[in-house]
Amino acid sequence: GKEVREVLAQAGEWQFDVFELTRVTKGKPLQVLGMHLMRHYGSIDKLGLDRHRLTNFLVEIERGMPFTNPYHNAIHCADVL
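Draft legend 1. Focus on the side chain of Glu-62. For Glu-62, the position within the fold is in helix α5 (residues 51-63). Of the side chains bearing the opposite charge, Lys-28 lies closest to the buried Glu-62, which forms no salt bridge; the N-O distance is 6.2 Å. Of the polar contacts made by the side chain of Glu-62, one reaches the backbone nitrogen of Leu-30; its length is 2.6 Å. Residues contacting Glu-62, with those up to four places away along its chain left out, are Gly-27, Lys-28, Pro-29, Leu-30, Gln-31 and Ala-74.

The following block contains the structure:
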(Lines give C-alpha, C1' and ligand atoms only; values in the text may rest on other atoms or scores of the structure.)
Protein backbone atom coordinates (compact mmCIF):
# COMPACT_ATOMS: atom_id res chain seq x y z
CA GLY A 1 0.00 0.00 0.00
CA LYS A 2 0.82 3.66 0.14
CA GLU A 3 2.62 3.44 3.51
CA VAL A 4 4.90 0.67 2.26
CA ARG A 5 5.77 2.65 -0.88
CA GLU A 6 6.54 5.75 1.20
CA VAL A 7 8.90 3.82 3.48
CA LEU A 8 10.57 2.01 0.57
CA ALA A 9 11.19 5.36 -1.13
CA GLN A 10 13.76 5.96 1.63
CA ALA A 11 15.60 2.66 1.03
CA GLY A 12 19.27 3.35 0.51
CA GLU A 13 19.16 6.57 2.54
CA TRP A 14 20.82 6.98 5.93
CA GLN A 15 17.48 7.93 7.47
CA PHE A 16 15.79 4.69 6.29
CA ASP A 17 13.69 3.35 9.17
CA VAL A 18 13.70 -0.45 9.16
CA PHE A 19 11.43 -0.50 12.20
CA GLU A 20 8.82 1.51 10.33
CA LEU A 21 9.18 -0.88 7.41
CA THR A 22 8.56 -3.78 9.79
CA ARG A 23 5.41 -2.07 11.04
CA VAL A 24 3.95 -1.23 7.64
CA THR A 25 4.75 -4.69 6.21
CA LYS A 26 3.20 -6.41 9.24
CA GLY A 27 6.45 -8.13 10.19
CA LYS A 28 7.83 -8.90 6.74
CA PRO A 29 10.67 -6.42 6.31
CA LEU A 30 13.16 -8.80 4.70
CA GLN A 31 10.97 -10.16 1.94
CA VAL A 32 9.50 -6.75 1.07
CA LEU A 33 12.81 -4.86 1.10
CA GLY A 34 14.66 -7.72 -0.59
CA MET A 35 12.25 -7.80 -3.52
CA HIS A 36 12.15 -4.01 -3.70
CA LEU A 37 15.94 -3.74 -3.94
CA MET A 38 16.23 -6.58 -6.45
CA ARG A 39 13.64 -4.87 -8.68
CA HIS A 40 15.03 -1.37 -8.13
CA TYR A 41 18.55 -2.33 -9.22
CA GLY A 42 17.36 -4.63 -12.02
CA SER A 43 19.01 -7.66 -10.42
CA ILE A 44 16.12 -10.02 -11.15
CA ASP A 45 16.42 -9.52 -14.90
CA LYS A 46 20.21 -9.12 -14.97
CA LEU A 47 20.68 -12.41 -13.12
CA GLY A 48 17.80 -14.20 -14.81
CA LEU A 49 16.09 -14.96 -11.50
CA ASP A 50 12.65 -16.50 -11.20
CA ARG A 51 10.53 -14.03 -9.18
CA HIS A 52 8.45 -16.73 -7.54
CA ARG A 53 11.52 -18.69 -6.41
CA LEU A 54 13.20 -15.52 -5.17
CA THR A 55 10.10 -14.61 -3.17
CA ASN A 56 9.98 -18.10 -1.65
CA PHE A 57 13.69 -17.86 -0.81
CA LEU A 58 13.23 -14.54 1.00
CA VAL A 59 10.18 -15.88 2.86
CA GLU A 60 12.16 -18.91 4.05
CA ILE A 61 15.11 -16.77 5.16
CA GLU A 62 12.74 -14.55 7.09
CA ARG A 63 11.06 -17.55 8.73
CA GLY A 64 14.46 -18.69 9.95
CA MET A 65 15.13 -15.33 11.59
CA PRO A 66 12.67 -15.27 14.51
CA PHE A 67 11.68 -11.95 16.08
CA THR A 68 12.22 -13.62 19.47
CA ASN A 69 15.96 -13.32 18.89
CA PRO A 70 16.74 -9.77 20.08
CA TYR A 71 19.49 -9.19 17.52
CA HIS A 72 19.76 -11.72 14.69
CA ASN A 73 16.21 -11.43 13.43
CA ALA A 74 14.45 -10.38 10.23
CA ILE A 75 14.62 -6.69 11.19
CA HIS A 76 18.41 -6.83 11.52
CA CYS A 77 18.69 -8.83 8.31
CA ALA A 78 16.64 -6.27 6.38
CA ASP A 79 18.68 -3.44 7.91
CA VAL A 80 21.88 -5.05 6.62
CA LEU A 81 20.50 -5.19 3.07
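Draft legend 2. A look at the packing of helix α3 (residues 29-40) against α5. Where α3 meets α5, the axes come as close as 8 Å, and the angle between the chain directions of the two elements is 145°. When the axes of α3 and α5 are compared, the crossing they make is right-handed. Between α3 and α5, the contacting residues are Pro-29, Leu-30, Gln-31, Gly-34, Met-35, Met-38 and Arg-39 on the first element and Arg-51, Leu-54, Thr-55, Leu-58, Val-59, Ile-61 and Glu-62 on the second. Its residues assigned to classes, the contact of α3 with α5 comprises eight nonpolar, three polar and three charged.

Draft legend 3. Representation of α5 in the model. Taking 1.5 Å of rise per residue, 13 residues should cover 18 Å, and α5 covers 18 Å from first to last C-alpha, within 8% of that figure. Along α5, the positions that sit buried rather than exposed are Leu-54, Leu-58, Val-59 and Glu-62. Seen from one end, α5 has its buried residues packed into an arc of 135°, which puts them on one side. Those residues of α5 that are exposed and aimed more than 90 degrees away from the buried face are His-52, Arg-53, Phe-57 and Arg-63.

Draft legend 4. Just the environment of His-52, in detail. Position of His-52 among the secondary structure elements: in helix α5. Under the relative-accessibility criterion, His-52 is labelled exposed at 56%. Remark: the alpha-carbon pair of His-52 and Tyr-41, spanning 11 residues in sequence, is separated by 18 Å.

Draft legend 5. Region of interest: unusual backbone geometry. Positive phi values are uncommon outside glycine, yet Lys-26 reaches one of about 55°. Within the element layout of this structure, Lys-26 appears in the loop between α2 (18-24) and α3.

Draft legend 6. Seen up close, the layout of surface pockets. Estimates place the volume of the largest pocket at around 180 Å³. For the lining of the largest pocket, the elements supplying multiple residues, two or more each, are α3 and α6 (74-80). If one sorts the elements of the lining of the largest pocket by residue count, α6 sits on top with three residues. Looking at side-chain class alone, the lining of the largest pocket contains nine nonpolar, one polar and two charged residues.

Conventions we followed
Residues numbered from 1 in each chain as written. Predicted model: local features only at pLDDT ≥ 70, side-chain atom pairs only at ≥ 80, totals over all residues. Heavy atoms only, no water. Helix = DSSP H or I, 4+ residues; strand = E, 2+ residues; numbered from the N terminus. Buried < 20%, exposed > 50% of the residue type's maximum accessible area, 1.4 Å probe, protein only. Lys, Arg positive; Asp, Glu negative; His and termini not counted. Salt bridge = Lys/Arg side-chain N within 4 Å of Asp/Glu carboxyl O. Polar contact = N/O pair within 3.5 Å; in protein donor to acceptor, adjacent residues only side chain to side chain. Contact = heavy atoms within 4.5 Å. Axes fitted to C-alpha atoms, helices over the stretch in contact; angles between N-to-C directions. Left-handed = near helix turned anticlockwise from the far one by under 90°. Nonpolar A, V, L, I, M, F, W, Y, C, P; charged D, E, K, R; others polar. Expected span 1.5 Å × (residues − 1). Arc of directions from axis to C-beta. 1 Å grid on protein atoms, 1.4 Å probe; cavity = no way out; pocket = protein on both sides within 12 Å on 5 of 7 lines; lining within 4 Å. Points joined across faces, edges and corners; volume = space filled by probe spheres on them.

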